[in-house]
Structures are given as C-alpha cells and as structure tokens.
Amino acid sequence: MEPIILASKSPRRQKILKKLNIPFMVVVPDFKEEKPENIRLEKAPEYFAAEKVKSVVNILSTNQDLGWVFSADTAIFLNNKLYGKPKNADEARRFLNDFSGKTHKVLSGIALYNGKNHYLETKTVKSLVSFKALSTKEIDWYIKTEEWHGAAGGYRVQGLAQCFIYKIEGSYSSIMGLPISDFYDILTSQGYAFID
C-alpha cells in the first residue's frame, strides 16, 4: 500500500491506521480551528478536516510531490451548540451534565487529497449517542479518570464512558474519531490500492 500523510496528531487516528496496516507519516498542520461565519455549524468538522489537509499540502508541496494527505475532525452537537475538546475539568463536567439524559449528534468530517490529480474530497458522517441520566457523583467519578483530556465532548466512547451510553446510531468508529467504512470508501473511490 502507498503511504498516506496524516494531517493530524490524534493518537486514536494513528492507532486506527496502524490496525488497517496503512503506512503513514504524521505532519501536524499549521491551522487554527476557527469557524468562519459563512460555514454552517454542522459543516465545521468537514471544513476543519479540509483546512488541515490544505495546510499540510501547502507545507509540503514546495519540497516534494505529494501522494495522499488525509485528515479528520470530530465534533459533538446538542441544541445547535458545538462541543469541542474541553479546556479543563470544569468544562468537561459541564459537557457531561449537558449530555445527561439526552441524545447528541457526533459529526466527523473527513478529507482526502489525491496528489496524482490534485483533487480534494470531503465528507461528513453523522452518528447519534444517547446518554442515560447521570448523577453528580457519576460525572465527578468520570472526570477523575482523566479520559476527558483531548476528547471531543469530554468523553471517549471506547473507554469508561461506555458505562453511560445506552444507545448508538451510526458509526461507532466515527464517534471514536475516524469513520472507517467512509474512510475506506473515499480512499478506494480515488483509486487508492487498499486491497492488492
């Protein structure tokens, strides 16, 4: 398989690429996640994924021919509010309190740059996550686990937060941060030789 440049420092996305046996190298994009006014809130993850890819293409294209550059971005939405990565434990606590007893949307944006034909393809994947009603004691316990660090919405679906989630609709891997089926589709549609 051809190597892919991952325009993300996410350890979860690196782990997934390793599981898929896709050779990759990480190049951290020079991009600040700020949504312009003209981008709809629900298109923000796809926009951010595309901008990360463009940033890395701009960084590297002067020095070399590029093959494949990929990025993803995941965000959580509830009542038209975007929940990114909490800045601290208090914000993570507020996030979990908001999710308690409710269903929220998890949107993952993916972007793939095909250097052979200079084409950027993007997509948004939507999933729903339902939390049971949480007590203050349960939220405090979860915050102490430190799992909220670096996680959109302040929780990790693959970790201890599973204790709180009673229903998932959509892509489990997307909620983790990379919708594998859609990633596979976008790669193969662009001619990436996933299967020899």
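For the structure itself, consult the block above.
About the criteria used
Residues numbered from 1 in each chain as written. Predicted model: local features only at pLDDT ≥ 70, side-chain atom pairs only at ≥ 80, totals over all residues. Heavy atoms only, no water. Helix = DSSP H or I, 4+ residues; strand = E, 2+ residues; numbered from the N terminus. Rg over C-alpha atoms; globule rule 2.2 N^0.38 Å. Buried < 20%, exposed > 50% of the residue type's maximum accessible area, 1.4 Å probe, protein only. Areas by Shrake-Rupley, 256 points an atom, 1.4 Å probe, with all protein chains shown as cover. Lys, Arg positive; Asp, Glu negative; His and termini not counted. Charge placed at Lys NZ, Arg CZ, Asp CG, Glu CD. Salt bridge = Lys/Arg side-chain N within 4 Å of Asp/Glu carboxyl O. Pairing = 2+ DSSP bridges. 1 Å grid on protein atoms, 1.4 Å probe; cavity = no way out; pocket = protein on both sides within 12 Å on 5 of 7 lines; lining within 4 Å. Points joined across faces, edges and corners; volume = space filled by probe spheres on them. Nonpolar A, V, L, I, M, F, W, Y, C, P; charged D, E, K, R; others polar. Core = buried A, V, L, I, M, F, W, Y, C linked by side-chain atoms within 4.5 Å. Contact = heavy atoms within 4.5 Å. Polar contact = N/O pair within 3.5 Å; in protein donor to acceptor, adjacent residues only side chain to side chain.

Broken down by element type, the chain carries six helices and seven strands. Relative to the globule expectation of 16 Å for 196 residues, the C-alpha radius of gyration of the chain, 17 Å, shows essentially globular dimensions. Structurally, the chain occupies a C-alpha span of about 55 × 40 × 25 Å along its principal axes. Out of the 196 residues belonging to the chain, those deemed buried represent 49%. Here the chain has roughly 10,000 Å² of accessible surface; of this, 50% comes from carbon and sulfur atoms. Between the centroid of the 27 positive side chains of the chain and the centroid of its 22 negative side chains there is a distance of 5 Å.

Attention now goes to the pattern of salt bridges. Under the defined criterion, the tally for this structure stands at 13 salt bridges. Glu-34 is the salt-bridge partner of Lys-32, the closest N and O atoms lying 3.4 Å from each other. Notably, a salt bridge pairs Asp-98 with Lys-81, separated by 4.0 Å at the nearest N-O pair. Of the two residues, Asp-98 sits in helix α3 (residues 89-99) while Lys-81 sits in strand β4 (residues 81-83), which places them 17 residues apart along the sequence. Here the salt bridges do not stand alone but share partners, grouping Asp-90, Arg-93 and Asp-140 into one network.

Attention now moves to the pairing of strand β3 (residues 68-78). Counting buried residues in β3 gives eleven out of eleven residues, a clear majority hidden from the surface. Pairing geometry for strand β1 (residues 4-6) and β3, over three bridges, is parallel. Across the sheet, the residue bridging to Ile-4 is Trp-68, located in β3. Bridge analysis of β3 against strand β5 (residues 103-114) gives ten bridges, and the strand direction is antiparallel. By the bridge assignment for β5, Phe-70 is matched with Leu-112. Across three bridges, β3 lies against β4 in antiparallel orientation. What sits directly across from Leu-78, in β4, is Lys-81. Connecting the antiparallel pair β3 and β4 is a turn made up of two residues, with Asn-79 showing a positive phi of about 50 degrees.

Let us look at the layout of surface pockets. Considering only enclosed or pocket space, the largest pocket measures out at about 820 Å³ in volume. Lining the largest pocket are 34 residues; nearest its centre among them are Arg-13, Glu-33, Lys-52, Asp-73 and Lys-85. Elements supplying a minimum of two residues to the lining of the largest pocket: α1 (11-19), α2 (44-60), β3, β4 and α5 (172-176). For the lining of the largest pocket, a count of residues per class yields 16 nonpolar, seven polar and eleven charged.

This part is about the nonpolar core. Counting 38 residues, the largest nonpolar core has Phe-70, Phe-99, Phe-131 and Tyr-155 as the members making the most contacts within it. Looking at this core, the element that brings in the most residues is β3, giving five residues. Those residues within four positions of Tyr-155 in sequence are excluded, and the remaining contacts are Ile-76, Leu-96, Phe-99, His-104, Val-106, Val-129, Phe-131, Tyr-142, Trp-148, Ala-161, Ile-165 and Ile-175. Counting 13 residues, the second-largest nonpolar core is a separate cluster that includes Val-53, Val-57, Ala-111 and Tyr-113.

Before going further, it helps to spend a moment on the side chain of Ser-171. Among the structural elements, Ser-171 can be located in the loop between β7 (165-169) and α5. Within the structure, the side chain of Ser-171 is placed 3.0 Å from the backbone nitrogen of Ser-174, a separation counted as a polar contact. The contacts of Ser-171, once residues within four sequence positions are left out, are Val-125, Ser-127 and Pro-179.

Tracing the backbone through its elements, the reader meets Ala-133 in the loop between β6 (119-131) and α4 (136-144). The contact partners of Ala-133, leaving out residues within four places of it in the chain, are Ser-100, Gly-101 and Glu-138.

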